[in-house]
Amino acid sequence: MALLAGDPQADRAVPPTGFTARLTVFTAAAMAFLAVFALALSLATGRLANRWAAELAQTSTLRISAPADQMAAQTRAAMTVLETTPGVAQARPLTADEQRDLLAPWFGPDLPVETLPIPQLIEIIEDGDGYDATGLRARLQAEVPGAVLDDHTRWREPLVAAAGRLRTLGFVAILLIAASTGAMITLAANAALAANAQVIRVMRLVGARDIYIARAFVRRFTLRALTGAAVGMVAGILAVLLLPRADVAGGFLTGLGFQGWHWLWPLVIPPLAAIVAFFATRAAALRTLREQS
């Protein structure tokens, strides 16, 4: 409450408007805007990593490579093995159209799948407990020599690791934004202290202590940072709301935003900006006042 109420006499040492006031508010607003996006990136990549891990962990692919006259027989034999394997909830061979769709990004939509020696793919969906991959590979090697089981481990692990690194990068960006905010507010506070050196000298002559004067600077710059960060946070949330949804665009970079209670996280940004401004201004004010004494 003392921070909000302030002291009218001490506040005279801090300019209410001017370059330092605009710089502080603008810096806090810009950094809060960027922090909203960094936070959205971190949370979205976390959801992405969890979704990839869940989806790829429950699916596998069986690839059958055999001469054309043996392909049907080996496919039936593989289906028999899969249907009798504990942990396999569903297995089905992909149709020619489905395989054509998988190859279309590389070879175009008119690829003649039926006339090419393309392996037959079988999609495997696991149940909750999963299956014994080592045992299934042994059975397939004995009964279906042309079958190769891919449990997506080599695809899942790098994707999940990449998503985890992006999430970490988002939190590092938030820390850098906080550090940049502190640095800019420190510069603004130093400029304000230098510009009001004569007023500060007069206040000392009438008995004002350095901590009394510093408290006025801390209050003014903390409130400016809080106000600017609140404006930047609201602008950032509005910008996130305008981004395309994942279920609409369906692209890799869509769906950046907040879900559920995660919408409460941006509300933490203005108080954090105020805390950074409080300690940055306090340190700058006390240091500068000691140098001026």
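Here the structure is shown first, and the text comes after it.
Residues numbered from 1 in each chain as written. Predicted model: local features only at pLDDT ≥ 70, side-chain atom pairs only at ≥ 80, totals over all residues. Heavy atoms only, no water.

## Here's the deal with the side chain of E126
If you trace the backbone, E126 turns up in strand 3 (residues 120-126). Note on E126: relative accessible area 15%, which makes it buried. In terms of polar contacts, E126 uses its side chain to reach the side chain of S60, at 3.4 Å. (Helix = DSSP H or I, 4+ residues; strand = E, 2+ residues; numbered from the N terminus. Buried < 20%, exposed > 50% of the residue type's maximum accessible area, 1.4 Å probe, protein only. Polar contact = N/O pair within 3.5 Å; in protein donor to acceptor, adjacent residues only side chain to side chain.)

## Some thoughts on the nonpolar core
By size, the foremost hydrophobic cluster in this structure holds 34 residues, and its most contacted members are I213, F217, F221 and F258. Among the nonpolar cores identified, the runner-up in size contains 18 residues, and V88, A133, L136 and L140 belong to it. (Core = buried A, V, L, I, M, F, W, Y, C linked by side-chain atoms within 4.5 Å.)

## Thoughts on the packing of helix 4 (residues 68-83) against helix 6 (residues 133-143)
The contact between helix 4 and helix 6 brings their axes to 10 Å, and the two run at 150°. Classified by the angle between their axes, helix 4 and helix 6 sit roughly antiparallel to one another. Both helix 4 and helix 6 take part in a crossing whose hand is right-handed. Between helix 4 and helix 6, the residues in contact are A77, V81 and L82 and L136, R139, L140 and E143, respectively. When the residues that make up the contact of helix 4 with helix 6 are grouped by side-chain class, the tally is 5 nonpolar, no polar and 2 charged. (Axes fitted to C-alpha atoms, helices over the stretch in contact; angles between N-to-C directions. Parallel < 35°, antiparallel > 145°, perpendicular 65-115°, else oblique. Left-handed = near helix turned anticlockwise from the far one by under 90°. Contact = heavy atoms within 4.5 Å. Nonpolar A, V, L, I, M, F, W, Y, C, P; charged D, E, K, R; others polar.)

## Section: the pattern of salt bridges
Inspection of the entire model under this criterion finds 3 salt bridges. Residue R92 is joined to E98 by a salt bridge in which the shortest nitrogen-to-oxygen separation is 3.0 Å. One salt bridge connects R92 with E123, and the closest N-O pair in it is separated by 3.2 Å. Of this pair, R92 sits in strand 2 (residues 88-93) while E123 sits in strand 3, and the two are 31 residues apart along the sequence. Sharing partners across several salt bridges, the network here consists of R92, E98 and E123. (Salt bridge = Lys/Arg side-chain N within 4 Å of Asp/Glu carboxyl O.)

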